[in-house]
Amino acid sequence: MNLTSNFDFCVELGIDPVRAIFHLALKNEALFPHNIGPFARVFSGRTMDISVRLLDDIDAAADLSFADDKHIRFSIPFELTASVPDAPDPALSEVTLKVVAGIPGALASWPVEGNDQLGIDFTAVAAAAVSIDSLAGLPSIDAGNFTAALHSKYDSLEHRYTLADNELLLYDGNRDLTLDPPNAATPFEIEAALEAHAGTEYVKVRLPIHVSVPTAFYQSYGRIVFWRAVERTGTTITVNMAAEPAAAALATTVELDAASPAKDLIIANLTPLARNALAGFGTITEPGFDETAARQLLRDEIAAYINVRRFPIYTPESGDEEEPLATPVGFLLPADGVLAILMNRRDGSVSDFAPDNFLGSSQLALAVGRAKVDEIIAAAIDEEFPGVNDGGHEVSTEEGSATLYTLSVVPADAGSHDEAEGHLWVSGTAEVHIDCWPDPDVSFDGPIFLRVALTETPTECTMEIQPQVGDFDFDQSCCDVFIDLIIPIVGWIMLAIIESTIDEVGGELAEEIAGGQGRAIQPIPPVVQGVAELQACLEDLSVGADGFVFPGKLRIRREGTSFEDLQGSGNLPRP
Amino acid sequence: MARSPRSSPTKTAALGSRPYQSFAPRAARVTGRAPPPIELPQGNAPLTIATRRDLAASQKEIAARINADPRFAVMVLVNPVLAFKDLGIELSAEVQHHLMHRTQHPVELRKRRDALEQALREALGEEPRPNDRAWLAATVFERLKLAPVDSAGIEPAYLPPLNTALIARLAALRPKPKPRYRGARRASVKAGIRVAAWQPAARRLDLDAELPKLPALAQAPRELALDALYFYKDAHPLARQLLELGIIQRQGFPFHTPDAYRKIRAGERRNAFRNWIRSVRFPVAES
């Protein structure tokens, strides 16, 4: 199994802990502003004040998924409120859209003050890479909106037109109570409807009026009926109230209720006046986004906002600035839901490549590669048996003496050497010194198993490693001597390997446990700066020909004081 | 220098009601490897070794017979007398004793063992058997009249398997402690890593460590293990000599009984030599 690729160490996290950290990060206002804006945008000549509110709750949960080996796709729900104070339809003066956007973040490394750090980089995000996965609240401009816009426009127009003693009153319900006579026209209010004629959309308006012509002794309620073409683009709706349709059937007409011989003449004279009055409404232009245009606009805005940002994950500043983490490089294993962080590039002559999934069902696992294991083993053997593998080392004990010529300790897979579990395979050659007899040459090999005893209480999580020598019987004192020679060195090797792993992946090594071979540890960085505290616990170890794996579990809690903290300390705010 | 965790008698929680800790094989583990039976060497002409001179003269022939089958050669480590017999080599009683005695300890240790055995034999009037629990209890409580003490739950002091200088060199392989993350943490669980303490072994009992004062035991036990004798080492000179002899015996090369030898050769009984030793080859002396 490829544990660490071309690196020495690897930390793998399951997608669930990554999600948990992400949710906590989203709660950090300083890191991820929850409220963006208001900022101004001008559409169709109208200025919109736009505010964005980030969401992550039960009803609208943020999420992430591993898209490919280098990209995390973030699913971010937010509310976008657009305020248009002068919207023709007051109901559209504030529109709130509920959006869920998918944004890809690249798992990338970049140098900071000479040291690489790993993080999520959005700087390459283009609009096309952003997806609008959900969009709700986008208003569709219908007859009601036109009606409301006309009601609104009515308030700003003249309602009484005169020519000599003649008078034309425009009504819209009771919106102008100063008009005399009061409104008794049909329709009582301005009415609008959308109709299609010859492939063109029109708004049909019925405008209640009263006409007074004293010289003809004529007064009548009535209505002006007219059609105006509606022009829609993806972003704008325009109605030119001055543009009379060419079709005769859609010509502006004046209808009067009271009969009179002069009625037709009055209508003929009044119609041009009515057209002029309608032209007073001008060209009504309103931002009106269809869904396609709205989605594109959102993609553009999101990309523009995000593509100047990147967020560090593994950074020298996360720990001791004097001890920066070495070349952290991240890979995602989408099929398995695993985030792998490699550290200490061992071989720069090959392109970095993803490790295999060694996480299994754990939340967290650390791995150290075979090459690093071999280095530490070689160093330990050299300390305990200097000269071995290079001429020989004299081993002298109370029980006897020997010249150890070669000694090899290598991690081996389960299934090799007829052993059902992974082990350290020890082999060597020695010359055993026997009194009064020629010294025989002995070659030996056999397995050492690494067993783990976990002490886990509400306040402690300690992993104890117990090297066990296969097939050795303690009744055999000669073997006991061998165990005394090999087991302590295996113990030191394991401590060196585990502690080096912890150290190199940014964990913390505290002082020694009093009187014992061990120490308090933080297996991985215990903080995600400003976001979360991580409590990792190594629970096991597995040995294979490719190195060692230390599976563990992870508790994640919000950094700072939580409700539970205050409750636990009896410091909840009192009324 | 930091003291070893086992450098002075310590209370242990795990002993429970057991009056004395035995040296059970806590670390022994059966592996998946099951060595096949070893065929007896064939075709060796009978060779009789009557004296030590014969033994010296026949070294080349003996080495050749052992080296002829490296797999069988391992049996020489299990019991050289019985292995020689399987190789067609008959040893006189004198040579058998010589072989077993001389190969069991280095010279200095063998001399010390001989001296202790002689002194104890003279003092007790019988062959000392410190690794025989019943014999040891009878000798300590009935012959030497020592008052029994309650050492339940007390672990003797042991010398560490590695010396202090080596431990320091090995410890240097470990990364230094690094308080990387400053600031208060609310984490309630403290994580740790450690390696199991090394095995106590009777042959590493620390003869010079100071003993704790132990309460008297109302009734003398009927058996006394070597690690329990440890708590009487300062109560009587012979007790100390018995303990030292017992330790030396534990340090000896263990030769198996004929029955055990047969079972080990037949693959019916597991043995470290069969599983761990691939070959044994004796140098062929120039004639």
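Residues numbered from 1 in each chain as written. Chains lettered and ligands numbered in written order. Predicted model: local features only at pLDDT ≥ 70, side-chain atom pairs only at ≥ 80, totals over all residues. Heavy atoms only, no water.

When its secondary structure is counted, chain A shows seven helices and 31 strands. In summary, chain A has a C-alpha radius of gyration of 40 Å against a globular reference of 25 Å for 575 residues, an excess of more than 25%. Expressed as lengths along the three principal axes of its C-alpha atoms, the size of chain A is roughly 155 × 60 × 40 Å. The buried share among the 575 residues of chain A stands at 51%. At a minimum sequence separation of 6, the contacts of chain A that also span at least 24 residues come to 60%. (Helix = DSSP H or I, 4+ residues; strand = E, 2+ residues; numbered from the N terminus. Rg over C-alpha atoms; globule rule 2.2 N^0.38 Å. Buried < 20%, exposed > 50% of the residue type's maximum accessible area, 1.4 Å probe, protein only. Contact = heavy atoms within 4.5 Å.)

Helix and strand counts for chain B come out as 13 helices and six strands. Burial status across chain B gives 47% buried among its 287 residues. Sequence-distant contacts in chain B: of pairs separated by 6 or more residues, those separated by 24 or more amount to 77%. A total accessible area of about 14300 Å² is found for chain B, and carbon and sulfur atoms account for 53% of it. (Areas by Shrake-Rupley, 256 points an atom, 1.4 Å probe, with all protein chains shown as cover.)

Our next topic: the pattern of salt bridges. In the structure shown here, the tally under the stated rule is 42 salt bridges over all chains. For A:Glu464, the salt bridge is made with B:Arg194, and the minimal N-O distance between the two is 2.9 Å. With A:Glu464 in strand 25 (residues 460-469) and B:Arg194 in strand 5 (residues 190-195), the pair connects residues from two separate chains. When its relative accessible area of 16% is taken as the criterion, A:Glu464 is described as buried. Linked by salt bridges that have partners in common, A:Asp8, A:Arg346, A:Lys372 and A:Glu375 make up one network. (Salt bridge = Lys/Arg side-chain N within 4 Å of Asp/Glu carboxyl O.)

When the parts of a complex come together, some accessible area is lost, and that lost area is often taken as the interface size. Residue and element names in this part refer to chain B. The assigned domain composition of chain B is domain 1 (47-105 + 254-276) and domain 2 (107-157 + 199-252). Each side of the interface is counted separately: domain 1 has five residues, and domain 2 has eight residues. Of the roughly 640 Å² buried between domain 1 and domain 2 on both sides combined, carbon and sulfur atoms contribute 50%. At the junction of domain 1 with domain 2, the criterion picks out zero salt bridges. (Domains from an automatic or database assignment. Buried area = accessible area lost by both parts, 1.4 Å probe.)

A few words on the packing of helix 7 (residues 107-124) of chain B against helix 11 (residues 237-251) of chain B. Residue and element names in this part refer to chain B. Contact geometry for helix 7 and helix 11: axes closest at 10 Å, N-to-C directions at 140°. With respect to helix 11, the element helix 7 is oriented oblique. Taken as a pair, helix 7 and helix 11 cross one another with a handedness that is left-handed. Across the interface between the two elements, Leu109, Arg112, Arg113, Leu116, Glu117, Ala119, Leu120, Ala123 and Leu124 of helix 7 pack against Leu238, Gln241, Leu242, Glu244, Leu245, Ile248, Gln249 and Gln251 of helix 11. Each residue belonging to the contact of helix 7 with helix 11 can be placed in one class, and the counts come to 10 nonpolar, three polar and four charged. (Axes fitted to C-alpha atoms, helices over the stretch in contact; angles between N-to-C directions. Parallel < 35°, antiparallel > 145°, perpendicular 65-115°, else oblique. Left-handed = near helix turned anticlockwise from the far one by under 90°. Nonpolar A, V, L, I, M, F, W, Y, C, P; charged D, E, K, R; others polar.)

For the rest of this paragraph, the subject is the side chain of B:Lys233. By the secondary structure assignment, B:Lys233 is in the loop between helix 10 (226-229) and helix 11. Polar side-chain contacts of B:Lys233 include one of 2.9 Å to the backbone oxygen of B:Leu207. (Polar contact = N/O pair within 3.5 Å; in protein donor to acceptor, adjacent residues only side chain to side chain.)

Our focus in this paragraph is the pairing of strand 22 (residues 400-412) of chain A. Residue and element names in this part refer to chain A. Pairing geometry for strand 21 (residues 393-397) and strand 22, over five bridges, is antiparallel. Paired with Ser396 across the strands is Ser401, a residue of strand 22. Between strand 21 and strand 22, which pair antiparallel one after the other, the connecting turn spans two residues. Where strand 22 meets strand 23 (residues 423-433), 11 bridges bridge the pair, whose relative direction is antiparallel. Among the inter-strand pairings, Ser401 is bridged to a residue of strand 23, identified as His433. (Pairing = 2+ DSSP bridges.)

On to the confidence of the model for chain B. Residue and element names in this part refer to chain B. Averaged over every residue, the pLDDT of chain B is 83; residues scoring 70 or more account for 86%. Segment residues 1-5: pLDDT under 50, and six contacts once partners within four positions in sequence are set aside and those in other chains are kept. Counting contacts from residues 12-28, a segment whose pLDDT is below 50, to residues more than four positions away or on other chains yields 43 contacts. (pLDDT = per-residue confidence, 0-100.)

With that settled, the discussion passes to helix 6 (residues 93-104) of chain B. All names here are of chain B. The terminal C-alpha atoms of helix 6 lie 17 Å apart, and with 12 residues this matches the ideal 16 Å at 1.5 Å per residue to within 8%. Within the span of helix 6, buried status applies to Val95, His98, Leu99, Arg102 and Gln104. Of the surrounding secondary structure, the elements contacted by the buried residues of helix 6 are strand 2 (47-49), helix 1 (52-57), helix 5 (80-86), strand 3 (89-91), helix 7 and helix 11. (Expected span 1.5 Å × (residues − 1).)

When the domains of chain A are assigned, the result is domain 1 (7-135 + 290-345), domain 2 (143-287) and domain 3 (369-558). If you average the C-alpha positions of domain 2 of chain A and of domain 3 of chain A, the two centres end up 94 Å apart.

Here we take up the nonpolar core. Nonpolar side chains tend toward joint burial in soluble globular proteins. Grouped together as the largest cluster of nonpolar side chains are 182 residues, with contacts concentrated most on A:Ile486, A:Phe548, A:Phe550 and B:Phe84. Those residues within four positions of A:Phe548 in sequence are excluded, and the remaining contacts are A:Leu3, A:Leu366, A:Ala367, A:Val368, A:Val373, A:Pro411, A:Leu424, A:Leu450, A:Met494, A:Ile497, A:Ser542 and A:Val543. Counting 34 residues, the second-largest nonpolar core is a separate cluster that includes B:Leu136, B:Leu224, B:Ala228 and B:Phe231. (Core = buried A, V, L, I, M, F, W, Y, C linked by side-chain atoms within 4.5 Å.)

Looking now at unusual backbone geometry. Residues and elements named next belong to chain A. Cis geometry is adopted by the peptide bond preceding Pro181, which originates at Asp180 and carries an omega value of 5°. Here Pro181 is to be found in the loop between strand 10 (166-170) and strand 11 (191-197). The omega angle of the peptide bond from Thr186 to Pro187 is -5°, so this bond is cis rather than trans. With respect to the secondary-structure elements, Pro187 resides in the loop between strand 10 and strand 11. The phi dihedral of Ser5 falls on the positive side, at around 50°, and the residue is not glycine. By secondary structure assignment, the location of Ser5 is in the segment before strand 1 (7-14).

Let us look at the packing of aromatic side chains. Summed over all chains, the structure comprises eight aromatic pairs over all chains. Between B:Phe141 and B:Tyr232 the ring centres are 5.5 Å apart and the planes differ by 80°, which places this aromatic pair in the edge-to-face class. Placement of B:Phe141 in helix 8 (residues 133-143) and of B:Tyr232 in the loop between helix 10 and helix 11 is noted, with a sequence separation of 91 residues between them. The same class applies to B:Phe141 as to B:Tyr232, namely buried. Ring centres of B:Tyr230 and B:Phe231 lie 5.5 Å apart, and the angle between their planes is 90°; this geometry places the pair in the edge-to-face category. B:Tyr230 sits in the buried class, given a relative accessible area of 0%. Judged by its relative accessible area of 8%, B:Phe231 is buried. Among the aromatic residues, those joined into a cluster by ring pairs are A:Phe22, A:Phe74, A:Phe122 and A:Phe311. (Phe/Tyr/Trp six-rings, centres within 6.5 Å; stacked < 30°, edge-to-face > 60°.)

This paragraph deals with the side chain of A:Thr147. Residue and element names in this part refer to chain A. As for its position among the elements, Thr147 is in helix 2 (residues 143-155). On the basis of relative accessible area, Thr147 is assigned to the buried category, the value being 16%. With residues near it in sequence (within four places) discarded, Thr147 still touches Ile190 and Ala192.

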